[in-house]
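Descriptive structure summary
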Amino acid sequence: MCGQASPWRSLPTHQKSRRSIIISDSKFTLRSFVILFVFFLILFLGAYLIQAKDIYNWHWQDIPPVLPVFLKAAVLTLEVSAVSTIVAILIGVIGGLMKISSEPALRLLASVYVESIRNTPLLIQIFIVYFFIATIFNMSAFQAAVFALSVFEGAYVTEIVRAGIQSIPRGQWEAAYSLGMNYFQVMRHIILPQAFRVIIPPLAGQFISLIKDSSLVSVMSLPELTLTGRQINSRIFRPFEVWFTVAALYFVMTTTLSVFTHYLERRMRVNGKST
Amino acid sequence: MVKVHDVHKKFGHLHVLKGVSFEVKKGEVVVIVGPSGAGKSTMLRCINALEKVDGGHIYIEGKDITDRKVDKNRIRAEVGMVFQHFNLFPHLTALENVMLGPVVVKKEPKEKVRELALELLDKVGIKEKAESYPSQLSGGQQQRVAIARALAMKPKVMLFDEPTSALDPEMIKEVLDVMIELAREGMTMIVVSHEMGFAREVATRVIFMDDGRIIEEGPASKIFTNPDHPRTKLFMSKIL
Ligand SMILES: Nc1ncnc2c1ncn2[C@@H]1O[C@H](COP(=O)(O)OP(=O)(O)O)[C@@H](O)[C@H]1O
Ligand SMILES: [Mg+2]
């Protein structure tokens, strides 16, 4: 073959590889850098043209002064998401236990909850909480946001917990029951500790998407990241710079957590004693 | 000790136990054989109250466990059970597996239970594996831990459901040896197993079950080599 490694042909067909042939793991070559260079050149030229033709004036220098406000708002976003996730886990454990209960009424209630949450838009749920429930109970913006988000996420956690519990083989129940344990002892000592391992990764994923979904509680006048973006933008009127910064902050939060959970997962697998 | 009287069990329309009656006295070792689907496992599970009977009674030390008022957990605590697939708790070490019952159910102090558990692991010959997790043990070792786990509750009777049928041949003996020792110590045992050597050595009686009924029972030598009933004969000719 020629020295120039083509990304599409670099994998010899006789080589049994776990990777697909289309996405090969060949190295960066000079050509790769040329492609990237051209791409960023176009991007830069586009930005320059927008400026030169007076379509939009870049004012990135306006961002650093407001960055502390953004960071504070990002912390609030994290706070709302984290507290909501904790409450959602409580809801989810109860919901999950109801879903596998032998009492049909409990199963029905849990299903109605999960289905109505999963089949309606989060924004509408937020409106219901904000304009109705929060008014009745006189909740603060933070409380209302946590209420709406945890009820929303709780439905998904319910399904995660149910699936986690049901992934534990029946023999575990039988062995525990045959020792004389009652339902709660079996749950606490045998089922939940094992289900936990199965539940953690999807739960982390749920937390990460909640960080993005929490952007919708900006309509509750809670000064989290998105609402702060709107407020600052209406003050300095730099829509691209502001929203790009907001997007970047969401991106940093979610990817950091994502990397962290992958690391956790790997560690759990290494320590995992189950076959 | 255990008295099973005219027990019926249905799964939907499937009539699995069709009036099973037998009695096991204290210290007896009863081996149950029979083709797959005969209802042997279901029978054991009924004795351990893991399955509700649809008719008849089961008495353990005179107490009717099919009575709805009886505390099922209490019954299960007094009846030990060993499963075909061991069913050890994979998130706990061998020692913790054995300790769990007495600590959680009987609320006994951990230190005392640890001593008992180590003694039991020693008895089944795997004290040195106390800190290992089930996935680090061979099948034979896992099954011996499972036996120790059941014994830790100091049961009045031990039920074994094909304890060696999931094991590689070279591991069968180490499990049977533990069971034989247990039998010699006077433990009351009901064992579903086709291990004839075990039955000949320690069984006081062998029961042949087929199609939800007890077809015949008697001493091992008779049931295995000279049974009365043609269905027993047919079955024995197949497994020999
Ligand atoms: N939980 C259950 N639900 C429905 N059918 C069952 C259940 N458990 C066992 N059975 C059926 O009952 C019959 C007897 O099963 P089992 O007691 O396991 O027989 P054995 O242990 O003698 O092989 C089989 O036909 C089996 O399919
Ligand atoms: Mg069986």
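As a reminder, the structure under discussion sits directly above these lines.
Residues numbered from 1 in each chain as written. Chains lettered and ligands numbered in written order. Predicted model: local features only at pLDDT ≥ 70, side-chain atom pairs only at ≥ 80, totals over all residues. Heavy atoms only, no water.

1. A closer look at the overall build of chain A
Looking only at helices and strands, one finds nine helices and zero strands in chain A. Secondary structure of chain A in N-to-C order comes out as α-α-α-α-α-α-α-α-α. Buried residues in chain A amount to 35% of all 275 residues. Of the contacts formed within chain A by residues at least 6 apart in sequence, a portion of 73% connects residues at least 24 apart. On chain A, roughly 16,700 Å² of surface is accessible, and the fraction owed to carbon and sulfur atoms is 69%. (Helix = DSSP H or I, 4+ residues; strand = E, 2+ residues; numbered from the N terminus. Buried < 20%, exposed > 50% of the residue type's maximum accessible area, 1.4 Å probe, protein only. Contact = heavy atoms within 4.5 Å. Areas by Shrake-Rupley, 256 points an atom, 1.4 Å probe, with all protein chains shown as cover.)

2. Some points on the overall build of chain B
Scanning chain B from N- to C-terminus turns up nine helices and ten strands. A globule of 240 residues ought to have a C-alpha radius of gyration of about 18 Å, and chain B, at 18 Å, matches this closely. Seen through its C-alpha atoms, chain B measures out along the principal axes to roughly 55 × 45 × 30 Å. Taking all 240 residues of chain B together, the buried fraction comes to 57%. Considering only contacts in chain B between residues 6 or more positions apart, those separated by 24 or more positions represent 65%. For chain B, the accessible surface area stands at approximately 10,500 Å², while carbon and sulfur atoms represent 49% of it. Counting 36 positive and 33 negative side-chain charges, chain B places the averaged centre of each group 5 Å from the other. (Rg over C-alpha atoms; globule rule 2.2 N^0.38 Å. Lys, Arg positive; Asp, Glu negative; His and termini not counted. Charge placed at Lys NZ, Arg CZ, Asp CG, Glu CD.)

3. So, empty space enclosed by the protein
Per the counting criterion, the structure on display carries one cavity of 30 Å³ or more. Around the largest cavity, the lining residues are Ala-175, Ser-178 and Leu-179 of chain A together with Arg-76, Val-79, Gly-80, Met-81, Arg-149, Ala-150 and Met-153 of chain B. It is strand 6 (residues 79-82) of chain B that contributes the most residues to the lining of the largest cavity, three residues altogether. The residue makeup of the lining of the largest cavity, split by class, is six nonpolar, two polar and two charged. (1 Å grid on protein atoms, 1.4 Å probe; cavity = no way out; pocket = protein on both sides within 12 Å on 5 of 7 lines; lining within 4 Å. Points joined across faces, edges and corners; volume = space filled by probe spheres on them. Nonpolar A, V, L, I, M, F, W, Y, C, P; charged D, E, K, R; others polar.)

4. Details of a nonpolar patch on the surface
A cluster of nonpolar side chains, namely Leu-30, Val-34, Phe-37, Val-38, Leu-41, Ile-42 and Leu-45 of chain A, defines an oily patch on the protein surface of about 700 Å² accessible area. Here Leu-30 of chain A lies in helix 1 (residues 30-52). (Patch = residues over 30% accessible without salt bridge, like charges linked within 9 Å, V, L, I, M, F, W, Y side chains within 5 Å. Salt bridge = Lys/Arg side-chain N within 4 Å of Asp/Glu carboxyl O.)

5. Brief notes about the site of ligand 1
Residue and element names in this part refer to chain B. Lining the immediate environment of ligand 1, one finds Phe-11, Leu-14, Val-16, Pro-35, Ser-36, Gly-37, Ala-38, Gly-39, Lys-40, Ser-41 and Thr-42. One of the backbone N or O atoms of Gly-39 is found 3.0 Å from an oxygen atom in ligand 1. When ligand 1 is considered free in solution it has 560 Å² of accessible area, and contact with the protein chains removes 63% of it. If you tally residues by element for the shell around ligand 1, the top one is helix 1 (residues 40-47), at three residues. (Near = heavy atom within 4 Å. Polar contact = N/O pair within 3.5 Å; in protein donor to acceptor, adjacent residues only side chain to side chain.)

6. Here's the deal with the sheet that holds strand 2 (residues 14-24) of chain B
Residue and element names in this part refer to chain B. The sheet built from four strands is open, its strands ordered 2-1-4-5 with antiparallel pairing. With one partner strand each, in any of the chains shown, strand 2 and strand 5 (63-64) form the two edges of the open sheet. Pairing of strand 4 (residues 55-60) with strand 5 involves two bridges; the strand directions are antiparallel. Across the sheet, residue Ile-60 finds its bridge partner in strand 5, namely Lys-63. Each of strand 1 (2-11), strand 2 and strand 4 touches helix 1; the most contacted strand, strand 2, lies at about 60° to it. (Pairing = 2+ DSSP bridges. Axes fitted to C-alpha atoms, helices over the stretch in contact; angles between N-to-C directions.)

7. Some remarks on the interface of chain A and chain B
Taken together, the contact between chain A and chain B spans 20 residues of the former and 24 residues of the latter. Note on chain A versus chain B: buried area summed over both sides is about 1,900 Å², and carbon and sulfur give 64% of it. Notably, a salt bridge pairs Arg-45 of chain B with Glu-174 of chain A, separated by 2.6 Å at the nearest N-O pair. Where chain A touches chain B, the interface holds six residue pairs in polar contact (both at pLDDT 80 or more). Of all the elements, helix 6 (residues 170-178) of chain A adds the most residues to the side of chain A that touches chain B, at eight residues. Grouping the constituent residues of the side of chain A that touches chain B by class yields seven nonpolar, ten polar and three charged. (Buried area = accessible area lost by both parts, 1.4 Å probe.)

8. Topic: the side chain of Thr-164 of chain B
One can find Thr-164 of chain B in the loop between strand 7 (157-161) and helix 6 (169-184). If near-sequence neighbours (up to four positions away) are discounted, Thr-164 of chain B is found in contact with Ile-172, Val-175, Leu-176 and Glu-195 of chain B.

9. Let's talk about the pairing of strand 1 of chain B
Residue and element names in this part refer to chain B. As paired elements, strand 1 and strand 2 share eight bridges and run antiparallel to each other. The residue bridging Lys-9 from the neighbouring strand is Leu-17, located in strand 2. Where strand 1 folds back on strand 2, the antiparallel hairpin that results is connected by two residues, among which Gly-12 adopts a positive phi of roughly 65°. Note: strand 1 against strand 4, five bridges, orientation antiparallel. Across the sheet, Val-4 pairs through a bridge with Ile-58, a residue of strand 4.

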